[in-house]
Amino acid sequence: MRWTSYLANDRRRSPHTVRAYVATAHRLIEFLGRYRGEEIGRFSLLNVHATDLRAFLADRRGEGLGASSAAREMSAVRAFLTFAAEAQGNAPQLPKTRAPKRPRTLPRPASPDDAIALAREAELAAPNDWLGARDLAILLLLYGAGLRVAEAMGLTARVLPLGQAIRVTGKRGKTRIVPVVSAVKEAIEAYVALCPYSLAGDAPLFVGAKGGPLNADLVRRAVRGARARLGLPDSLTPHALRHSFATHLLARGADLRSLQELLGHASLSSTQIYTEVDAARLLDVYRHAHPRA
């Protein structure tokens, strides 16, 4: 499908985003067929009206789609309709439809002790020493360097031997330099020393039990198990470790521009949410400690 190829190759979207956007395109075409009572071809997509999109959105909300998911759905619909128009050599003229307003949610950072305890528990629960060392290294990397899970999985053995920083490829192929603190460096080096497979060149840095690329779902599964055994909240996910990295740096005086670079955010507005996280933390301390709170 040309839409899939366009997203993956031209726009360099992540596999997860490609799957989601392609699924949205199929849902839109199937809905329009039912709604209009006709077969929807490529030229039909050039004649989609605001009423069609409002009906599609109402149908999706009726299926239980939340506001945030509905906003993402409409973003995917607009991208698809733009692609369909341009593929026919037409200038896109999208119908004006307002997507549901997304509720602004704040990340829930873990305490440093909880973040480290989670990583250590995942290490101990692994079936053997080298897999335990791998899981520890990954989780410390997420917390100690603020990486996304996909970014950690995308690292290759070319980062070895480790120096004081590594080059990370983030969303849309954007690269950034991330410092590697000593605890993270030591954990990765311990994993490399124990790993029974050759780690060289473009081979993945983090490998699965059989030596192939590691599936990120296995990392999430390890975190779920460790979290449950330690009695930690469900909000403590691998991505929450990245949030914790950012929140703790900000609390120690990091400026927003530096934090933006470390996180690989394209826009400063994405980073500014962490000022609200820190303010929320301070307010919570005030409410619990101040005699007149």
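Basis of the calculations
Residues numbered from 1 in each chain as written. Predicted model: local features only at pLDDT ≥ 70, side-chain atom pairs only at ≥ 80, totals over all residues. Heavy atoms only, no water. Phe/Tyr/Trp six-rings, centres within 6.5 Å; stacked < 30°, edge-to-face > 60°. Helix = DSSP H or I, 4+ residues; strand = E, 2+ residues; numbered from the N terminus. Buried < 20%, exposed > 50% of the residue type's maximum accessible area, 1.4 Å probe, protein only. Axes fitted to C-alpha atoms, helices over the stretch in contact; angles between N-to-C directions. Parallel < 35°, antiparallel > 145°, perpendicular 65-115°, else oblique. Left-handed = near helix turned anticlockwise from the far one by under 90°. Contact = heavy atoms within 4.5 Å. Nonpolar A, V, L, I, M, F, W, Y, C, P; charged D, E, K, R; others polar. Core = buried A, V, L, I, M, F, W, Y, C linked by side-chain atoms within 4.5 Å.

## Remarks on the packing of aromatic side chains
Scanning all chains against the criterion turns up 10 aromatic pairs. The interplanar angle of 25° and the centroid separation of 6.4 Å between the aromatic rings of W3 and Y21 together place this pair among those described as stacked. Of the two residues, W3 is situated in helix α1 (residues 2–10) and Y21 in helix α2 (residues 15–36); the sequence distance between them amounts to 18 residues. Overall, the relative accessible area of 1% leaves W3 in the buried class.

## Remarks on the packing of α1 against α2
Orientation of α1 relative to α2, taken along the N-to-C sense of each, is 150°, at an axis distance of 10 Å. Classified by the interaxial angle, the pair formed by α1 and α2 is roughly antiparallel. Crossing geometry of α1 relative to α2 is assigned as right-handed. When α1 is examined against α2, the residues W3, T4, L7 and A8 are found in contact with a partner set consisting of V18, Y21, V22 and A25. A class-by-class count of the residues in the contact of α1 with α2 yields 7 nonpolar, 1 polar and no charged.

## Brief notes about the nonpolar core
Formed by 48 residues in total, the largest nonpolar core has its most connected members in L141, L147, M153, L155, I166, Y191 and F206. Elements with a minimum of two residues in this core: α5 (112–125), α6 (129–145), α7 (149–153), β1 (165–169), α8 (182–194), α9 (216–230) and α10 (238–251). The element contributing the most residues to this core is α6, with 12 residues. With residues near it in sequence (within four places) discarded, L147 still touches L141, L142, A152, L155, V168, R176, V178 and R242. Listed in part, the 25 residues of the second largest apolar core include L7, I40, L65 and A76.

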